[in-house]
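The residues making up each chain are set out below.
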Amino acid sequence: MTTPNQPISGNDLARFSGPNTYMRLPQAGSLDGLDVAVLGIPMDIGTSWRSGTRFGPKQVRAESAMIRPYNVQTGAAPFDSLNVADIGDLAINTFSLADSLRIIKDSYSVILQSGVTPMAIGGDHSLTLPILRAVAERHGPVALVHVDAHADVNDEMFGERETHGTVFRRAYEEGLINPQKTYQIGLRGTGYAATDFTEAAGWGFQQFLAPELWHRSLSPLGAEIRRDIGEAPVYVSYDIDSLDPAYAPGTGTPEIGGLTTAQAMELIRALRGLNIVGCDLVEVSPPYDTSGNTALTGANLLFELLCVLPGVTYR
């Protein structure tokens, strides 16, 4: 049996050197033999406020050099049992959102047909819609765990129906997700109308507003979601703005009163056992956090997601 890929050890090559891949994993030009493919989608043409998420994948990868391969807190050793590689960035059309969404959908169709689990580094949240189109094509309507400050269920923005704020209305309308197994966690902020969140609740979405979660462990909520979803295929979409800007200021649409990093880790760890068929980490905008802390947080949350994928070995 071929030994799965391993990140370059910081004891073999200093962490400030080496390839700019996620966790300094090998970069793969082929999907052959992979279980998990990490990819970047450097795009911010779907944003409505602050841009800069086109730089997210590069910065998240750079900060990920700090992460070691064994999760000492949970016992997860993902590289013992899964063959993971970074397959680089999708070549989106930076002048056309519509064409970029097509490119993402077509690329994901190929990845999923190969039996590889994709983990995307965004990029703005509009990228999740074409991903879900490809995922539903392969698995049917999927359960969804959506962690975000915003419900992203607008009907349109400036007359456009495909933006980072309309993703999950389109996904619902197109039958890409199971509304009875859709969970939106961390919602907060101001809105345009009283129906901003309640309409989606009427579709069946289960929504957990941030104030309801203040000062609480999210492990029980994650366990409840895991029980409700059962064995159904599930997609996890993690918007970094679900975190309070004190933890993640480098994002396009920050909202105060958000989740803590500890809550984020509790939630993800409680999803272990789900049939996760793909995930993304979106809306990291490095120009708004020159310290790199937001990207570092995003890189670590991606590692936590990797640790709860099906087939991961725990020591």
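Coordinates for the structure precede this section.
## Focus: the environment of Leu 274
Link 1 in the chain: Among the secondary structure elements, Leu 274 is positioned in the loop between helix 9 (261-269) and strand 9 (275-282).
Link 2 in the chain: Sequence separation between Leu 274 and Glu 231 is 43 residues; the distance between their C-alpha atoms is 6.5 Å.
Link 3 in the chain: Excluding its chain neighbours within four sequence positions, the residues that come into contact with Leu 274 are Arg 226, Ile 229, Gly 230, Val 234 and Pro 310.

## Side note on the packing of aromatic side chains
Link 1 in the chain: Enumeration over the complete set of coordinates arrives at three aromatic pairs.
Link 2 in the chain: A centroid spacing of 4.3 Å and a plane angle of 5° characterise the contact between Tyr 172 and Trp 203, whose relative ring orientation is stacked. With Tyr 172 in helix 5 (residues 167-173) and Trp 203 in helix 6 (residues 195-203), this pair connects stretches of sequence that are 31 residues apart.
Link 3 in the chain: Measuring from centroid to centroid gives 5.4 Å for Trp 203 and Phe 205, while their planes differ by 85°, and the two rings are edge-to-face.
Link 4 in the chain: An aromatic cluster of at least three residues, connected via ring pairs, comprises Tyr 172, Trp 203 and Phe 205.
Link 5 in the chain: For Arg 50, the ring lying beneath its charged end belongs to Tyr 288, and the centroid distance is 3.8 Å.
Link 6 in the chain: The cationic tip of Arg 315 hangs over the ring face of Tyr 70; the distance from NZ or CZ to the ring centre is 4.9 Å.

## Here's the deal with the side chain of Thr 182
Link 1 in the chain: If you trace the backbone, Thr 182 turns up in strand 6 (residues 177-187).
Link 2 in the chain: For Thr 182, a relative accessible area of 0% puts it in the buried group.
Link 3 in the chain: With near-sequence residues (within four places) excluded, Thr 182 lies in contact with Leu 144, Ile 177, Phe 205 and Gln 206.

## Things to note about the sheet that holds strand 3 (residues 84-89)
Link 1 in the chain: In space, the eight strands of this open sheet follow the order 3-1-4-9-8-5-6-7, with parallel pairing throughout. Of all the strands in the sheet, the pair left with one neighbour each is strand 3 and strand 7 (206-209). Averaged over all neighbouring strand pairs, the angle between strand axes comes to 15°, with direction disregarded.
Link 2 in the chain: Taken together, the six bridges between strand 1 (residues 36-41) and strand 4 (residues 117-122) define a ladder with parallel strand orientation. Looking at the pairing, Ala 37 lines up with Pro 118 of strand 4.
Link 3 in the chain: Sitting on the sheet, helix 8 (residues 219-229) is in contact with strand 5 (142-147), strand 6, strand 7 and strand 8 (233-239), with an inclination near 175° to strand 6.

What counts and how
The residue numbers shown here count from 1 along each chain, following its written sequence. Under the rules for a predicted model, residues below a pLDDT of 70 receive no local features and side-chain atom pairs below 80 are neither given nor counted, while totals for whole chains, interfaces and linings still include all residues. The basis for every side-chain value is the complete set of non-hydrogen atoms in the structure, without hydrogens or water. Each helix is a run of H or I in the DSSP string that is no shorter than four residues. Each strand is a run of E no shorter than two, and both are numbered from the N terminus. Residue contacts are counted whenever heavy atoms from the two residues lie within 4.5 Å of one another. Any pair of Phe, Tyr and Trp rings, taking the six-membered ring for Trp, is counted once the centres come within 6.5 Å. Such a pair is stacked with planes under 30 degrees apart, edge-to-face with planes over 60 apart, and tilted for the rest. In our convention, an over-ring charge means Lys NZ or Arg CZ found within 6 Å of a ring centre and within 35 degrees of that ring's normal. In this scheme, a residue with accessible area under 20% of its type's maximum is buried, one over 50% is exposed, and one in between is partly exposed, where area comes from a 1.4 Å probe on protein chains only. When DSSP finds two or more bridges between a pair of strands, those strands are recorded as paired. Each axis is a line fitted through C-alpha atoms, taken for helices only over the stretch in contact, and angles between the N-to-C directions span 0 to 180 degrees.

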